[in-house]
Amino acid sequence: MPEPSLNIGILAHVDAGKTSLTERLLFDTGALGVLGRVDDGSTQTDTLDIERRRGITISTGVVSFQVGDRTVNVIDTPGHADFVAEVERALGVLDGVVLVVSGPAGVQASTRILWRILRRLRVPTLVFVNKLDQAGADPAEVLESLRKKLSPALVPMVTVEAAGSAGITVRGRPRIADDRFRRQVAAGEAYPVFHGSAVTGAGVPELVTAIVDYLPTAVPGAELRATVFKIERGRGGDRIAYARVHGGTLRVRDRVDLFRRTGDGTVERSRRRITAMTLAGAKVTRADAGDLIRLSGLGDVRVDDRLGSPDGVADAGLFPPPGLVSVVTARPGEETRLHRALRELCDQDPLLGLRADRGALSVRTYGEVQIEVLLERLREDFGLVATFAPPAPIHVEKPVGVGEAVQFLDRLGPADPVATVGLRVAPGRPGSGVRYELAVERGSLPRAFHTAIEQTVYRTAACGPRGWEVTDCVVTLTHSGFQPPLSTAGGFREVTARLLSLAFARARTRVYEPVDRFDLEVPEHAAGAAVIALAKLAAVGEPPVVEAGVARLSGWLPSAATAAFRRRLPALGQGEAVFTAEPGGYRPWRP
């Protein structure tokens, strides 16, 4: 009986060679007859025209290879900071990760960002030091840097006898059969390191062996549960869903429950019939726990939908939603087509958050690169020419204290809807969004009235007392009552909206601005100018750390200023600066 599938991710800083490593893994294991090259646009995982043209990964790619009876599904994730949402979704379906580090470039700022995320989640991780066929690559120096900047628990598994333009000689260390070490790797406490080159193939056989030996497969659940992590368009425009099966079995022609969190905060449930299924590139009729599958027939399926069970549908993400918004306009007569196209793209990335306000369309984004990609996708996939206005920051409101408001049936005025509603607003934990809770018995109201209240809570929180979305708060229903046949769902919506606005006002809200967490490396002599430039953009940073002629700075920068600082960087760092930024949450706004 074949062993369960193993699902791994390839993560790296931009240009570290992760897509090339994926191609080499496929070629060396016999899944590919010809080795693809990023420079030639012939890779398997970069399937979008824009990816091939730019030579970067934008959407998550999925490919598979066999090692004995084990199927290994490889997810090649984007490396650019504007596409962190793709990385987040990949992490949710992985058993382990191969983190690729460029030998000549060493540990980059974004490498440290990825490492922090992996450690926070305790994801089993192997490290592959790539590009040792290039001049200037010193394996011992890179290993020392890895241990110093990432973790002392990095364990070298191969010895590199030669490296550089003259070639690489890698001698594999005997495989460690110690079950204790395997358990440490599986628990995210030890991290095997391999050296080599994706271009020449040096060190890759040892990495393949380690992937199946050290990375664990998840324990399957008995009940059907699957997560949709990618959507692509079929030839006829239909949606094809990529899903990870966590438990149970899926079969072609099965009718399955589809769960999603809707815009008004409630969980929506629908039934869909699976019409086709592909596993590891081959058509199949069933999929089991651990499999990564392509599914057809799920209608308007979206990324982050759950199959079989709603578990996890409301979980908060690792990254905050995009902190910038840009108004999008189309050529005259193409407004409706633009709306449909943007809706399709936003269903593939729910964090983008399409909004239509008085006929104006706006999209939330992480930055300029993502806007450029959206423009190209609109043109190439939908034949549309659109214009994005310069992105503006999206502020939010958060409650400062506790506020309550209530209306009772026995104290109604002549024009009041017949409903008892009591609401309490309180601060929530950072990143929790809006949580709706009950302090009353669910049976105290008919289901339709409960639904009307919950939907209205999320809808009203979209625009707080200061005009921004209210987040990181807990809204609790404290009182409820109705009187048939005079009470109606519409009446409960009206009362809830009014009382929640009053409770927000009584709790008082503070406005927050989105910030990016940045890491910057510049030559020591440029550190002073960098600090001044960051200060002028209202950045808050930690004191620079200088080592071997390089100054490293970390801190928080307003999201609206990140692009401007990035543009100044070449002159500021004299071509030697390395700057990465990721969404870092919010801080109080001072106008």
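Here is a short report on the structure shown in this document.

Regarding the overall build of the protein
A tally of helices and strands in the protein yields 13 helices and 35 strands. Looking at the protein as a whole, 52% of its 591 residues are labelled buried. Restricting to contacts in the protein with at least 6 residues of sequence separation, those with at least 24 account for 73%. In the structure as shown, the protein presents an accessible area of about 26,200 Å², 51% of it carried by carbon and sulfur atoms.

Description of the sheet that holds strand β18 (residues 292–296)
In spatial order, the strands read β14-β13-β19-β10-β11-β18-β15-β16; together these 8 strands make up an open sheet with antiparallel pairing. The open sheet has two free edges, formed respectively by β14 (267–273) and β16 (282–283), since each of these has just one partner strand. Pairing of strand β15 (residues 276–279) with β18, which is carried by 4 bridges, proceeds in the antiparallel orientation. Residue pairing in the sheet places Leu279 in a bridge with Ile293 of β18. Along the sheet, helix α8 (residues 335–348) contacts β10 (225–233) and β11 (239–247); its crossing angle with β10, the most-contacted strand, is approximately 140 degrees.

A look at the pattern of salt bridges
Within the structure shown, the criterion is met by 27 salt bridges. Glu232 serves as the salt-bridge partner of Arg294, at 2.6 Å between the closest nitrogen and oxygen. Of this pair, Arg294 sits in strand β18 while Glu232 sits in strand β10, and the two are 62 residues apart along the sequence. Taken together, the shared-partner salt bridges connect Arg260, Glu268, Arg272, Asp300 and Asp305 into one network.

Observations regarding the environment of Ile274
Position of Ile274 among the secondary structure elements: in the loop between β14 and β15. Separated by 24 residues in sequence, Ile274 and Leu250 have C-alpha atoms that sit 8.6 Å apart. Not counting residues up to four positions away in its chain, the partners in contact with Ile274 are Leu250, Arg251, Val252, Arg253, Asp254, Val256, Leu295, Ser296 and Leu298.

A closer look at helix α12 (residues 527–536)
Buried residues of α12: Ala527, Ala530, Ala533 and Leu534, and no others. End-on view of α12: buried residues confined to an arc of 125 degrees, all on one side of the axis. Pointing more than 90 degrees away from the buried face of α12 are the exposed residues Ile532, Ala535 and Lys536. Turning to α12, the residues buried within the fold contact β31 (509–523), β34 (550–558) and α13 (559–572). Immediately beyond the C-terminal end of α12, within one or two residues, lies Ala538, with a positive phi of roughly 65 degrees.

Observations regarding the side chain of Ser487
Position of Ser487 among the secondary structure elements: in the loop between β30 (473–481) and α11 (489–507). For Ser487, the side chain forms a polar contact with the main-chain oxygen of Val418, separated by 2.6 Å. Here Gln483 takes part through its backbone nitrogen, which lies 2.8 Å from a polar atom of the side chain of Ser487. The contact partners of Ser487, leaving out residues within four places of it in the chain, are Val418, Phe449, Phe482 and Phe492.

Let's talk about unusual backbone geometry
Cis geometry marks the peptide bond from Pro484 to Pro485; its omega dihedral reads 0 degrees. Topologically, Pro485 is positioned in the loop between β30 and α11. Phi angles above zero are rare outside glycine, and Arg253 is one such case at about 80 degrees. Topologically, Arg253 is positioned in the loop between β12 (249–251) and β13 (255–261).

Regarding the packing of aromatic side chains
Enumeration over the complete set of coordinates arrives at 7 aromatic pairs. Aromatic pair Phe181 and Tyr214: ring centres 5.6 Å apart, planes at 85 degrees, arrangement edge-to-face. Taken together, the residues Phe181 in helix α6 (residues 179–186) and Tyr214 in helix α7 (residues 204–214) connect sequence positions 33 residues apart. Judged by relative accessible area, which is 9%, Phe181 ranks as buried.

What counts, and where the lines are drawn
- Residues numbered from 1 in each chain as written.
- Predicted model: local features only at pLDDT ≥ 70, side-chain atom pairs only at ≥ 80, totals over all residues.
- Heavy atoms only, no water.
- Helix = DSSP H or I, 4+ residues; strand = E, 2+ residues; numbered from the N terminus.
- Buried < 20%, exposed > 50% of the residue type's maximum accessible area, 1.4 Å probe, protein only.
- Contact = heavy atoms within 4.5 Å.
- Areas by Shrake-Rupley, 256 points an atom, 1.4 Å probe, with all protein chains shown as cover.
- Pairing = 2+ DSSP bridges.
- Axes fitted to C-alpha atoms, helices over the stretch in contact; angles between N-to-C directions.
- Salt bridge = Lys/Arg side-chain N within 4 Å of Asp/Glu carboxyl O.
- Arc of directions from axis to C-beta.
- Polar contact = N/O pair within 3.5 Å; in protein donor to acceptor, adjacent residues only side chain to side chain.
- Phe/Tyr/Trp six-rings, centres within 6.5 Å; stacked < 30°, edge-to-face > 60°.

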